[in-house]
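As a plain string of letters, each chain reads:
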Amino acid sequence: MDKYECTVCGYVYDPELGDSDGGIASGTRFEDIPDDWVCPICGATKSEFKKVED
């Protein structure tokens, strides 16, 4: 599964880990996260994330 990086603070969303503090279960693809989810570090919106290239 693809990882996504916050372009504001550099936080990387890893779908294998999810975001337990934000209510996102492990195994959740970035595309399946609700649009109102925000970066757990800086509060940036989901639209501020970009796909991390391998």
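Read on for a plain summary of the structure.

What counts and how
- Throughout, residues of each chain are indexed from 1 in the direction in which the sequence is written.
- pLDDT decides what is reported in this predicted model: residues at 70 or higher carry local features, side-chain atom pairs at 80 or more are listed and counted, and totals for whole chains, interfaces and linings draw on all residues regardless.
- Think of the side-chain values as coming from all heavy atoms in the structure, minus any hydrogens and water.
- Numbering goes from the N terminus for both helices and strands, where a helix is a DSSP run of H or I of at least four residues and a strand is a run of E of at least two.
- Only the C-alpha atoms count toward the radius of gyration. The rule for a globule is 2.2 Å times the residue count to the power 0.38.
- The classification of residues rests on relative accessible area computed with a 1.4 Å probe and restricted to protein chains. Under 20% of the type maximum is buried, over 50% is exposed, and intermediate values are partly exposed.
- When the centres of two rings from Phe, Tyr and Trp lie within 6.5 Å, Trp using its six-membered ring, the rings pair. Their planes under 30 degrees apart give stacked, over 60 give edge-to-face, and anything left gives tilted.
- If DSSP finds at least two bridges between two strands, the strands pair.
- We define the nonpolar core as a collection of buried residues of types Ala, Val, Leu, Ile, Met, Phe, Trp, Tyr and Cys that are connected through side-chain atoms lying within 4.5 Å of one another.
- Note on contacts: a residue pair qualifies if any of its non-hydrogen atoms lie within 4.5 Å across the two residues.

## Quick word on the overall build of the protein
Then step 1. A count of helical and extended segments in the protein gives 0 helices and 3 strands.
Then step 2. Written out in order from the N terminus, the α and β elements of the protein read β-β-β.
Then step 3. Computed over C-alpha atoms, the radius of gyration of the protein comes to 10 Å, within 12% of the 10 Å expected from 2.2 N^0.38 for 54 residues, which places it in the range of a compact globule.
Then step 4. In terms of its C-alpha atoms, the protein occupies a principal-axis envelope of roughly 25 × 25 × 15 Å.
Then step 5. When burial is assessed residue by residue, the protein has 31% of its 54 residues classed as buried.

## Remarks on the packing of aromatic side chains
Then step 1. On inspection of all chains with the given rule, the structure shows 7 aromatic pairs.
Then step 2. A ring pair is formed by Tyr11 and Phe49, whose centres lie 6.4 Å apart and whose planes are at 85 degrees; its orientation type is edge-to-face. Taken together, the residues Tyr11 in the loop between strand E1 (4–6) and strand E2 (12–13) and Phe49 in strand E3 (residues 49–51) connect sequence positions 38 residues apart.
Then step 3. Since its relative accessible area comes to 18%, Tyr11 is described here as buried.
Then step 4. Using a relative accessible area of 9% as the deciding quantity, one classes Phe49 as buried.
Then step 5. Within the aromatic cluster, the residues linked to one another by ring pairs are Tyr4, Tyr11, Tyr13, Phe30, Trp37 and Phe49.

## Points about the sheet that holds E2
Paired through backbone hydrogen bonds, the strands of a sheet run either parallel or antiparallel to each other.
Then step 1. In spatial order, the strands read E2-E1-E3; together these 3 strands make up an open sheet with antiparallel pairing. Sheet topology places E2 and E3 at the edges, where each strand pairs with a single neighbour.
Then step 2. With 2 bridges joining them, E1 and E2 adopt antiparallel strand pairing. Looking across to E2, one finds that Tyr4 is bridged to Tyr13.

## Quick notes on the nonpolar core
Side chains of a nonpolar character, in soluble globular proteins, are inclined to be buried together.
Then step 1. Counting residues in hydrophobic clusters, the biggest one holds 11 residues: Tyr4, Cys6, Tyr11, Tyr13, Ile24, Phe30, Ile33, Trp37, Cys39, Ala44 and Phe49.
Then step 2. Among residues more than four places away in sequence, those in contact with Cys39 are Cys6, Cys9, Tyr11, Ala44 and Phe49.

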